[in-house]
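Each chain, letter by letter, is given below.
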Amino acid sequence: MPFNTELVGSTVELLVLKLLAERAMYGYEIIQIVNDRTDGAFNWKEGTLYPVLHRLEGQGYLVTEWRVGDTGKKRKYYALTRKGLSYAGDKVTEWNTFSHSVNAVLIQPA
Amino acid sequence: MQEPSFEKLAADAAAGLRADQEVYRDVTQELHSFLEDKADRFRREGHDEAESVGLAKKAFGSPLEVASELLNANRGRLRLRALLRIGFNALIIPLAILMALYVGYGRAARVQNASAMLIGGGAKLPTLPFLGTKAVLDAKHAGLLRLPVGTTGNAPRLRQFWEAHRDDLDGYKYYAYYALYASGDEAQYARDMREGERIEPDNALYNVLLAEYYLNRGVQARSDSKKKPFDDILDRRLFNFGIVELHKAVKKPYLRTYHLDIVRLRLNALPRPLLTEDYLNRISMTSAELFPYYARYRNLARKISAGARSLNEEGQTHDAEAVMDAGESYAILLARDEDTVLIGALVSTAVASIVTKDGAEFYGQIGAQTKARQAQALYSKLRNFSGNWKASRHNNPAFTKMLKRHGSNLSSVIFPVFGGVVPITEGELTPGRMQEHALIEGFGLEFLQLLLALLLVGTVMQGIIWHYRLRGAVSAPLLLMPPAREILRILWWGVALPILIYAVYSRLPIIGGRQYGWGYLGWRFGAELLVLGFLVLWLPARMINRYVRRRCDDLEIPLPPAHEEAAVSRMVRGMLIGAIVLAVIVMALPSDRTPLVLKFIGILLALALIVTGARYAAAKRREFGLYYGTLARSMAPLYAFAIILLTLTAQPWLLYREATWLHRDTVLLGYLANSNSGPTACTSIETRVTQDYSRKLLQVLDRKR
């Protein structure tokens, strides 16, 4: 079932931060992992991911570095800064609280 | 319609970022790499090449939409980077150049003014705030002094000053000071000296000055002229007046000029001293104030002897003997006045030597054998005393060694003048030595800043040249903006850390070697500063070079192969060295034996070498002009930051150290500011030495009595 675009858009930043909290990744890798973990439910495109990555970089939450990967190709890796790590933690907490509240309404006691 | 390539697609998607070439190139490369990855995935899934590329492009979506999204996401960053670029080009670089010029001019003014004060050469330059207080007395600060400077031309102003302050506690001193420089016709001069006598009846100064005034005009001494080597009374009336004044003078209890009080008054009116040149200014003022009238004291001694001899030749032996007796009393009167200024004590010795030597001869001629023997004995003692003092300057190797090892260069110059028995300890030499270290380190730092400024201007020029050469190309040279962290890393490792290591190392006890003077440390001090200078110039250049190369590689800017770059650099360096060597040889050729045409050809050849080297480098590097232009443009801000960093940290620190050590100095320069109430002399050591010298001189002179 395709999700509402706005709903998907509102979670991109959270998911990117959460993934980058695990390790530094390049753009295509982030999309691959999201697709793998969601069984393709989120069909992110360049227009979805890169603006978010660039905005977070501009805000000082991410740093970038060009590295040569195992395949010999150069890729631009994104990693969280200390400030970004703290921001990622805040965003996850915010999401958990939000989803818990939504669920509390949606899942009525039998 | 032909399908756009990945490059074109990525470039179109990043088109909105073109205003910032670094971001544009970066994003283009990123999107291109993304498209490649996506195509790879389709290839792995079994699609053929064309299908894989097509699917990747299709999945990419509309480049226009992506461009719009990317522009929105990067708008803030682009604005900030644009501001930073303007800041680098219009603010940081000009500010650094201004700072370097400010520091350079400040040092030039300090050096020039110190030189003008010490050796009197060249014009004095205005000093700048933070880089030294008033080394030159401009009109405003001269006005702060309570008295005009003592010169004959200033005599009317000196008198006005006395008239305005005649009822002050020190009013009589101001009159004495005026009397030293008073001039005018005979009647006026006599009236001035009579006025002095009335103000201070016990002071022999006015009678001495008047006696010198009359005798200088009334008597010719045999030492006055080689053409007329004989004594003669030229004007009987003036001669008689002079002798009367001389007899009056030697009957008075003391002779005081008060010039030391006046110098102290003047020094205290100066702005607070801060740096070395301020102290040199004080020494210069003190010297200028004390020297002018010593010649008159010595002249009077010669005229007394000439007068006595002339009277004797006329048969007035009794009067002549009285004049010669008065001469010896005058010498003692003078010796008692000078107690802190060495030159004054030496003049007293010279006067005593003249009157005793001439007295021995004179008394012998008139048959006063006892007096002749006494005068001869006294003259011999004076000669021995003076000779021993002079010899002691050269016969104290232990003291000379201590000065050389632990003293500053200034102390090594000044202290030996005072004789070999200067009562000074190693500890007292420390402030002067450390002040000199700070001063030399300051010179080194400013030289380094000058070199950094030259490199900065050089890189800016190179950036402009490459921009001009690459006009019409796809891209102009970029001004890469390393992240703040990278800039701080380069400044820390390349500039701050080497300087900190030097600062800590050089101040370490024993190892640092700062227990020794600059003259003793010699090559070691120079080598340390050279190594430090080299590191501060080389390390940041190396680090920014590596950063720029890496970034250019990321941004797909063609890079010259390292071996090719090294070969070009070697060739250019060789040509430049050749040009310098040629120019030096041409300049060193003796002007009188070398035709001007030859020198002209030599200079032309040197210039041709430089131009050829530059053209060779430009031709070889043209292919990689974008990289070299980017390198030059990106290095300039780093040099600017280095200059600003040094100007705001190391520079004030060294000035502070120099001022601190100067104020701690109790024997050399700092003494002039530290002692407002003590005896005034050029240094406290001079005071100590002169007091000791004067005491011994008086012992010699009094032994006769």
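Thresholds, definitions, all that
Residues numbered from 1 in each chain as written. Chains lettered and ligands numbered in written order. Predicted model: local features only at pLDDT ≥ 70, side-chain atom pairs only at ≥ 80, totals over all residues. Heavy atoms only, no water. Helix = DSSP H or I, 4+ residues; strand = E, 2+ residues; numbered from the N terminus. Contact = heavy atoms within 4.5 Å. Pairing = 2+ DSSP bridges. Buried area = accessible area lost by both parts, 1.4 Å probe. Salt bridge = Lys/Arg side-chain N within 4 Å of Asp/Glu carboxyl O. Polar contact = N/O pair within 3.5 Å; in protein donor to acceptor, adjacent residues only side chain to side chain. Nonpolar A, V, L, I, M, F, W, Y, C, P; charged D, E, K, R; others polar. Core = buried A, V, L, I, M, F, W, Y, C linked by side-chain atoms within 4.5 Å. Buried < 20%, exposed > 50% of the residue type's maximum accessible area, 1.4 Å probe, protein only. Phe/Tyr/Trp six-rings, centres within 6.5 Å; stacked < 30°, edge-to-face > 60°. Lys NZ or Arg CZ within 6 Å of the ring centre and 35° of its normal.

(A) Representation of the side chain of K38(B). Turning to its location among the elements, K38(B) is positioned in helix α2 (residues 21-44). Aside from chain neighbours lying at most four places away, what touches K38(B) is Y28(A), E46(A), A56(B) and A59(B).

(B) Structural context of the pairing of strand β2 (residues 62-68) of chain A. Residues and elements named next belong to chain A. Two strands pair when backbone bridges link them, and β2 and strand β3 (residues 74-80) are joined in this way by 7 bridges, in the antiparallel orientation. Within β3, the residue paired with L62 across the bridge is L80. Connecting the antiparallel pair β2 and β3 is a turn made up of 5 residues, with G72 showing a positive phi of about 90 degrees.

(C) Region of the structure containing the interface of chain B and chain A. Contacts between the two partners involve 24 residues from chain B, matched on the other side by 21 residues from chain A. For the pairing of chain B and chain A, the buried interface totals around 2,100 Å² over both sides, and the portion due to carbon and sulfur atoms is 52%. In this structure, the connection of chain B to chain A is made through 8 salt bridges. Between D554(B) and K74(A) there is a salt bridge, and its shortest N-O distance comes to 3.0 Å. Here chain B and chain A share 10 residue pairs in polar contact (both at pLDDT 80 or more) between them. Those elements that provide at least two residues to the side of chain B that touches chain A are α2, α3 (49-60), α4 (63-119) and α22 (523-554) of chain B. A total of 12 residues in the side of chain B that touches chain A trace back to one element, the largest contributor, which is α2(B). A per-class count over the side of chain B that touches chain A returns 8 nonpolar, 3 polar and 13 charged.

(D) Structural context of the nonpolar core. Residues and elements named next belong to chain B. Core analysis: the largest hydrophobic core is formed by 93 residues, its most contacted members being Y297, Y330 and F415. Contact partners of Y297, with chain neighbours within four places excluded, come to L205, V208, L255, T257, Y330, L334, V347 and V351. Of all hydrophobic cores here, the second largest spans 52 residues; its members include M99, L452, I487 and V536.

(E) Local environment of the packing of aromatic side chains. Residue and element names in this part refer to chain B. For the coordinates displayed, the defined rule picks out 23 aromatic pairs over all chains. Ring plane angle 80 degrees and centroid distance 5.1 Å describe the contact between F161 and Y174, whose orientation is recorded as edge-to-face. Of this pair, F161 sits in helix α6 (residues 155-164) while Y174 sits in helix α7 (residues 171-181), and the two are 13 residues apart along the sequence. For the pair formed by F161 and Y174, the shared burial category is buried. Following the ring pairs from residue to residue traces out a cluster consisting of W162, Y175, Y178 and Y206. If you follow R514 out to its NZ or CZ, it ends over the ring of F525, 4.4 Å from the centre. Lying over the aromatic face of Y628, R621 brings its terminal NZ or CZ to 4.8 Å of the ring centre.

(F) How the structure looks around the pairing of β3(A). All names here are of chain A. With 5 of 7 residues buried, β3 lies mostly within the body of the structure. Strand direction decides the pairing type here: strand β1 (residues 25-26) and β3, joined by 2 bridges, are antiparallel. Considered in β3, the bridge of Y26 is made with Y77.

(G) Focus on the sheet that holds β2(A). Spatially, the 3 strands line up as an open sheet ordered β1-β3-β2 (chain A), and their pairing is antiparallel. At either end of the open sheet lies a strand with only one pairing partner, and these are β1 and β2 of chain A.

(H) How the structure looks around unusual backbone geometry. Residue and element names in this part refer to chain B. With phi around 65 degrees, I510 is a residue other than glycine that occupies positive phi space. Relative to the helices and strands, I510 is located in the loop between α20 (484-507) and α21 (518-521). Taking relative accessible area as the criterion, I510 reaches 70% and is therefore assigned exposed. With phi around 60 degrees, E556 is a residue other than glycine that occupies positive phi space. Given a relative accessible area of 48%, E556 falls into the partly exposed group.

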